[in-house]
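# Structural overview for review
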Amino acid sequence: MALTREAMIERMLGADKTANGQFIVGVRTTKIYCLPSCRPPRKPKPENVTFYETIDEARAAGLRACKLCKPDNYYASIGQGGEEMQQERLAYMDTIMETPGPLAFAVNADGALLWLKFLDGEYTRSLEEELAHEGYTLAHDPERTAQAREELAAYCAGTRQTFDLPLVFSGSPWQKLIWQALIQIPFGETRTYGQIAASLDQPGAARAVGRANATNRLPLVVPCHRVVGTNGSLTGFGGGMHLKVRLLDHEARVRGITLPLEIAAK
Ligand SMILES: [Zn+2]
């Protein structure tokens, strides 16, 4: 899904804000790196520009952050900071005890959902460990977690089928595209990996969809549980298959439909 060099040049020359986060512009002549949206007094000549995927790569190439567009601040704000900058990032944690939970989740200072795990899931790391590993300082503030808590509780109660709360998608542009596509699968329905890939005009990418699915930090809200194998088989689910069955069972119940036998039998 990487953009071509021509496409990146076009976005850089157009100072395209929507391209921020997709690539970094490195300028050989001035030895700085910029966001695509940067508007310096004089745009660099394309022949002097090298594109990087991350700010760490741009730094490794000996470039400094641009003082105008402050790319480091931007990447810190979207939760993909390089190793060298340690601004304090807070993750506000909370729990939901209702079925199909129990859930533990964390939001950022703006109340956007960062991560969600099932309290009875089988994970190699707990939510606390994941957040600490990413450099978050753990915090509690019921006001910041209120929207996520209310929406998740309503989902559990069967009174909410889609989510309005802001989400933090931490991943590559391709992963983000897939997660966005998953959100389009209606409550209580399922799609195959191949169908998701085809809906993105990438019919050969079913496996890549599977991989993006497996790295979803926002299960339930980004409904990777609604993706199944071609033959209706359940395939995998982070934290254990029992959680996927529980979510599908919950949604079928709310909609008053019967789960396909091969799923219900699990
Ligand atoms: Zn700049």
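Reading the values: the criteria
Residues numbered from 1 in each chain as written. Predicted model: local features only at pLDDT ≥ 70, side-chain atom pairs only at ≥ 80, totals over all residues. Pairing = 2+ DSSP bridges. Helix = DSSP H or I, 4+ residues; strand = E, 2+ residues; numbered from the N terminus. Axes fitted to C-alpha atoms, helices over the stretch in contact; angles between N-to-C directions. Contact = placed C-beta atoms within 7 Å. Core = buried A, V, L, I, M, F, W, Y, C linked by C-beta atoms within 7 Å. Buried ≥ 20, exposed ≤ 12 C-beta atoms within 10 Å, placed from the backbone. Domains from an automatic or database assignment. Parallel < 35°, antiparallel > 145°, perpendicular 65-115°, else oblique.

## Some words on the sheet that holds strand β7 (residues 113-118)
Strand order across the open sheet formed by four strands is β7-β6-β5-β8, with mixed pairing between neighbours. The open sheet terminates on both sides in strands that have one partner only, identified here as β7 and β8 (136-139). With direction set aside, neighbouring strand axes in the sheet form an average angle of 25°. When strand β6 (residues 103-107) meets β7, the two strands line up antiparallel, connected through five bridges. In the strand pairing of β7, alanine 104 is matched with lysine 117. Against the sheet, helix α5 (residues 146-157) touches β5 (89-96), β6 and β7, its axis set at about 30° to β5.

## With respect to the nonpolar core
Ranked by internal contacts, the top residues of the largest apolar core, which has 41 residues, are Phe105, Ala106, Leu113 and Leu116. If you tally residues by element for this core, the top one is β7, at five residues. Those residues within four positions of leucine 116 in sequence are excluded, and the remaining contacts are Leu103, Phe105, Leu218, Pro219, Leu220 and Val221. Listed in part, the 18 residues of the second largest apolar core include Met12, Val25, Cys38 and Cys69.

## Remarks on the environment of alanine 15
Relative to the elements of secondary structure, alanine 15 occurs in the loop between α1 (5-13) and β1 (24-27). In this structure the C-alpha to C-alpha distance between alanine 15 and arginine 253, which are 238 residues apart in sequence, comes to 49 Å. Alanine 15 has contacts with Ser37, Cys38 and Arg39, leaving out every residue within four places of it along the chain.

## Brief notes about the environment of arginine 149
Within the secondary structure, arginine 149 is located in helix α5. A tally of 18 C-beta atoms within 10 Å means that arginine 149 is categorised as partly exposed. Separated by 45 residues in sequence, arginine 149 and alanine 104 place their C-alpha atoms 10.0 Å apart. Discounting chain neighbours no more than four positions away, the residues touching arginine 149 are Asp94 and Ile96.

## Focus: the domain arrangement of the protein
Along its sequence, the protein is carved into domain 1 (5-74), domain 2 (90-157) and domain 3 (173-264). A straight line from the C-alpha centre of domain 1 to that of domain 3 covers 36 Å.

## Some points on unusual backbone geometry
Of note, the bond from threonine 99 into proline 100 is cis; its omega dihedral lies within 30 degrees of zero at 5°. Relative to the helices and strands, proline 100 is located in the loop between β5 and β6. That bond from glycine 101 to proline 102 is cis: its omega, 5°, falls within 30 degrees of zero. By the secondary structure assignment, proline 102 is in the loop between β5 and β6. At lysine 70, a position not held by glycine, the phi torsion is positive, near 45°.

## A word on the packing of helix α6 (residues 173-183) against helix α8 (residues 206-214)
The geometry of α6 relative to α8 is characterised by a closest axis approach of 9 Å and an angle of 85° between their N-to-C directions. The orientation of α6 with respect to α8, classified from their angle, is roughly perpendicular. Where α6 approaches α8, its residues Trp174, Gln175, Ile178 and Trp179 are matched on the opposing element by Ala208, Val209 and Ala212.

## Structural notes on the sheet that holds strand β4 (residues 64-65)
Strands sit in the order β3-β1-β2-β4 across an open sheet of four strands; the sheet is mixed. Each edge of the open sheet carries a strand with a single partner, namely β3 (49-52) and β4. As paired strands, β1 and strand β2 (residues 32-34) are joined by three bridges and run antiparallel to one another. Paired with glycine 26 across the strands is tyrosine 33, a residue of β2.

## Examining the pairing of β5
In this structure, β5 lies alongside β8, joined through four bridges in parallel fashion. Across the sheet, residue arginine 89 finds its bridge partner in β8, namely tyrosine 136. Between β5 and β6, which pair antiparallel one after the other, the connecting turn spans six residues.

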